[in-house]
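# Secondary and tertiary structure notes
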Amino acid sequence: MMHAFEVIVIGGGHAGIEAALAAARLGARTALVTHDRREIGRMPCNPAVGGLGKGHLVREIDALGGEMGRAIDATGIQFRVLNRSKGPAVRAPRAQADKHAYQARMAAVVAAQDGLVVVEGDASDLLVDAPAGSAPTRLRGVVLSDGRELLAPRAVLATGTFLGGLMHVGDERTEGGREGAAASTGLSGALERCGFTLRRLKTGTPPRLWRDSLDFSRLETQPGDEVIEPFSFITNELQTIQVPCHLTWTGERTHALIRDNLHRSPLFGGIIEGTGPRYCPSIEDKVVRFADRERHLVFLEPEGRDSAEIYVNGLSTSLPRDVQDAFVRTLPGLERAVLARHGYAVEYDSAPSWQVRASLESKPVAGLYLAGQILGTSGYEEAAAQGLAAGVNAVRSLDGREPLDLPRGGSYLGVLLDDLTTKDITEPYRMFTSRAERRLALRCDNAAARLLPLAAAIGLLPEAELRRLRARVAAAERAGRVLRTLRCRDLVHGGSVAASDLVLQAPGGLDAPPLPADIPVELRDAVAAALLPAAGEPTLPARLVEEALLQAAVDLRYEGYIAKQDKMLARQGHLGNLELPEDLPYAGMTTLSKESREKLARLRPANLGQASRIDGVRASDLAVLSVLARRWRDEKEGAS
Amino acid sequence: MRKQGAARRAAPFHDGLGMSTTNDTIVAIATATGEAGLAIVRLSGPGALDVARRLAGARALPREGVRSHLARAATLRDATGEVLDHGLVLPMLAPRSYTGEDVVEFHCHGGALCARRVTGACRDAGARPAGPGEFTRRAFLNGRLSLDQAEAVADLIHAEDELAARAALRQLRGGLRRDVEAIERPLLDLLARLEGGLEFEGDDAAAVAVPRAGLLAVLDAALAALALLLADADAARRVREGVHVVLLGAPNAGKSSLFNALLSQERALVDAEPGTTRDVVAARLHHGGVSFVLHDTAGLRSDGGRVEALGMARAREAAASADVVLLLSELSATSGSDVADAPAGVVVLKVATKADLADPSRREAARREGRLVTSAHGGTGLDELRAALLAAVDGERLREVADLGHAFHERHRHRLAAAREELAALRDEVALRAAPAEVAAGLLAGILAELGEVTGRVFSENLLGEVFARFCVGK
């Protein structure tokens, strides 16, 4: 039996959803292949969306027309803006999700989407053209394990941790992509046959506790923000009744129990070969590596408004069940805790990301895109961002258009894609704000302004939503003009003063509210007028108006710093624009160090700037490379 | 004039790089010419072993299984079989050699003759004479030297006296890198803490928190260390290039005569006609272990011709970038009238000339005015003038700097000065404007990038690793 589609998306996780919705919304006949349609949008780990770096990504996904921000706004049960005191650039929203509601909503959105068909099944092989001569292998479709063939010229592989998934709890080993779900075993072999290199990665998850086995009287409460700041620019305001999280601590007894049982840990016993993330260490890791810490903070996060399960953030572990049972009960408030599910580590196959281009199309198989954990990343948000890019680029290539151009200076999405194509990722990659050289310019408050042109070019946002985004960006521009040009009365010294000086010298410095409390009425009026909708613009909710004003003020305050950093980046990357031909014979460039030669040959950076960001490529190599590349080009031009 | 000097010296490493340069085998005498017990001839390149085998035979250098870094005694012969020398053959196989290529050294008997004959035989066997700095260039291209080491080698090659050679040797061993790294380390630690505080929340952030006072203390310490290093940089520049001494004065004040007298040679054209020197003439003077570059200039006056005016402009330019200005006037003339011509911030020594032509009674008065009394003809006062020059530039300190190993390139000094400026700005942002951590971290990253350009190291890649290695962060 055969079915013909334009785009096939394999995997119904956070990458797969965005890829499938984007492709279908852009008009491509799309199939979403998943083991179980009820599993679409599941949160197998932390029941939360956003956070530092990740919240930035969600804002960007949202501005470009992705689904994640809207879904978490609709199903979040606790919202907090992190890093309020550390500056606007590292401020980011985070929310606890009702994971079942989130899943249900995503499943409903997917089901309702025109042009998108959900196919239940296990993708086990790829259909490709046998390569003729030097032409690259081309994708033709996907084979399911029951023999069905789905034909399509484009596919997005978003299999998460399912490829060759192996779960560990102590010395118990179970094949599967996550608890209660089967692994995909066929695809790994198919990828290798197509020339992909695979690499084992590892990640883990903590135990879940039954809510009614906890003694909440002994736990510290962590409430959500009083005023909720939503993720999506479409959301007007949220009146969600929030559910608190709780805090507790590990102690010396916990650590002693873990130390005494380390030999039973698959991580320390050497059973797990995959590399785990340093930023998400297991509790065994923390106890061993930071033996001097007397206690570690643990967050108890409800998995849903009515969920009976509590996620124990900070206790990721793959120790045997009896050890988990015992050490969990050493934490205050958890003395009688009963584990609903034990923590486990999962090992899986990833296809190291140097095998894709910045479009996420794979180098070995034309037409095949990879997104999410299969490329070595970690996190729902990172996955969703890639899914969106892969879905959009797949359709663009069907239309014969260039892939999205996302420079790393313009968005976290750009940073992510550039890192994927220039870094040899050996541990699950998650976003950090420090990965962005232009961090001060890549803020949540200006995500709309940064991504509006791209959003318009992509065309995922319906016209009404695009108008709203435009209005939001225009309001900030008008307010910015007032702040930069208006002169007003100086209430302190008499005479007149530039409005910009009032903003720049506001008490509280760079991190002060946009407008000082005590400003002349003409400035207040002028700003208020600037923030009103212009003719033909939709009216914005109060929160977007506030955000526009904040953006205008921070733009002004950070202008000097951003200019300074940009100058430095330009100086550092002054050779960065030199294009490196794709057929550059790195193997023969014996003047480069061996390590550099190998990495360059594998990653084939598009320009010298990308080459400079490859780990292990030395400054001296770049100097030499710039000469060799020029010479190579000149010789080729001379020959032709 | 300084900048040109620096650029000229760096040049061998930045031009002429190319694929063809490493396809052949080069040879040169690696030891200094002159009388010594030992001379080393060095071969480098893919054919080094073959060439060496032609001289030393297959017993000393077997065709298969040559052992790297193992010296063997051998009789060296030329193509006709004539014995050139009895010496040692030392193969060093790629990449474990200075250049990263196959290298063979012949350790010959001292004296120029043996080494020259061995080199000649190598050329006959297919090696090409190495250009200046070519071994080092290959080492650099093969990634065997860091940028600052390579530049130190450049300086070594160009070292014009023993002092500079000593400083250059030190840097080759990483003296400058060590010093900059000592400044970098606490700043990197600070940045790791700031970033940790930004990337994580709750107790994780608290674990890495930097109190404002602590932050300022780290910045102040780095500022002080940079100021010291920059003072050394200036001294090091004087060691490397020599101390620039510019002779200024009215036409016919006797500048060229004094210039020649100090150098004991007829370098500048001397004539009684005022305005004879129309350009700047420079020559090197070694004294007290310090190298001086003397610059003779056009006389300063207001009624000269156009060519002379150009010369005067150059003279002023030279004076502005000088380390010491000798302000000349005839002993018979009154002093002080010319001081206005000396640029600010430069050590000025007032010199009275032509003492032999003036009434001896004027000498005492001139000395009281702080003028050094000289006569180019009789040689009067020249020793005192040389001593004054040495004192003015603190010759002791220069020798110390050479010993410390602070062989700075102009590039280094620039970067360090920029880093100090940025650091001071960051301090102000933190102390006066309560800059949020994200701004402080961004500025600090920029400063570390400046410093990294001195050592050729980039830190951004390692920053997250640093955070994770040092702090227990993340859930």
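It should be emphasised that the depicted structure is a prediction, and the values quoted were computed from it without experimental measurement.

Here is what the cut-offs are and how they apply
Residues numbered from 1 in each chain as written. Chains lettered and ligands numbered in written order. Predicted model: local features only at pLDDT ≥ 70, side-chain atom pairs only at ≥ 80, totals over all residues. Heavy atoms only, no water. Domains from an automatic or database assignment. Contact = heavy atoms within 4.5 Å. Buried area = accessible area lost by both parts, 1.4 Å probe. Salt bridge = Lys/Arg side-chain N within 4 Å of Asp/Glu carboxyl O. Polar contact = N/O pair within 3.5 Å; in protein donor to acceptor, adjacent residues only side chain to side chain. Helix = DSSP H or I, 4+ residues; strand = E, 2+ residues; numbered from the N terminus. Buried < 20%, exposed > 50% of the residue type's maximum accessible area, 1.4 Å probe, protein only. Pairing = 2+ DSSP bridges. Axes fitted to C-alpha atoms, helices over the stretch in contact; angles between N-to-C directions.

### Here's the deal with the domain arrangement of chain A
Residues and elements named next belong to chain A.
- The domain architecture assigned to chain A consists of domain 1 (2–161 + 190–202 + 348–452), domain 2 (208–345), domain 3 (462–560) and domain 4 (578–639).
- Using C-alpha coordinates to define each centre, domain 1 is positioned 36 Å away from domain 3.
- At the junction of the two partners, domain 1 supplies 17 residues and domain 3 supplies 14 residues.
- Buried area between domain 1 and domain 3, summed over both chains or domains, comes out near 1,300 Å², and the portion from carbon and sulfur atoms is 58%.
- Applying the counting rule to domain 1 against domain 3 returns three salt bridges.
- Salt-bridge contacts for R59 lead to E547; the nearest nitrogen and oxygen are separated by 3.4 Å.
- For the pair domain 1 and domain 3, the interface holds four residue pairs in polar contact (both at pLDDT 80 or more).
- Taken together, the elements giving at least two residues each to the side of domain 1 that touches domain 3 come down to α2 (54–63) and α11 (447–458).

### Observations concerning the pattern of salt bridges
- Scanning the model with the defined rule gives 49 salt bridges over all chains in all.
- For E465(A), the salt bridge identified is with R70(A), shortest N-O distance 2.6 Å. Highlighted residues: E465(A) in helix α12 (residues 463–485) and R70(A) in helix α3 (residues 68–75), separated in sequence by 395 residues.
- We classify R70(A) as buried; its relative accessible area is 17%.
- In this structure, R53(B) engages D50(B) in a salt bridge whose closest nitrogen and oxygen atoms are separated by 3.0 Å. Residue R53(B) and its partner D50(B) are located together in helix α2 (residues 48–56), separated by three residues, close to a single helical turn.
- Exposure remark for R53(B): the relative accessible area of 10% places this residue in the buried category.
- What you see here is one network of salt bridges that share partners, running through K99(A), R208(A), E303(A), E309(A) and R341(A).

### With respect to the sheet that holds strand β4 (residues 83–92) of chain B
All names here are of chain B.
- The mixed open sheet is built from six strands, whose spatial order is β3-β4-β5-β2-β1-β6. Edge positions in the sheet fall to β3 (72–77) and β6 (128–129), since each of these pairs with one other strand and no more.
- As defined by bridge partners, β4 adjoins strand β5 (residues 103–109) across five bridges and the pair is classed as antiparallel. Paired with M92 across the two strands is V103, which belongs to β5.
- Lying on the sheet, α2 is in contact with β2 (38–44), β3, β4 and β5; it crosses β3 at an angle near 75°.

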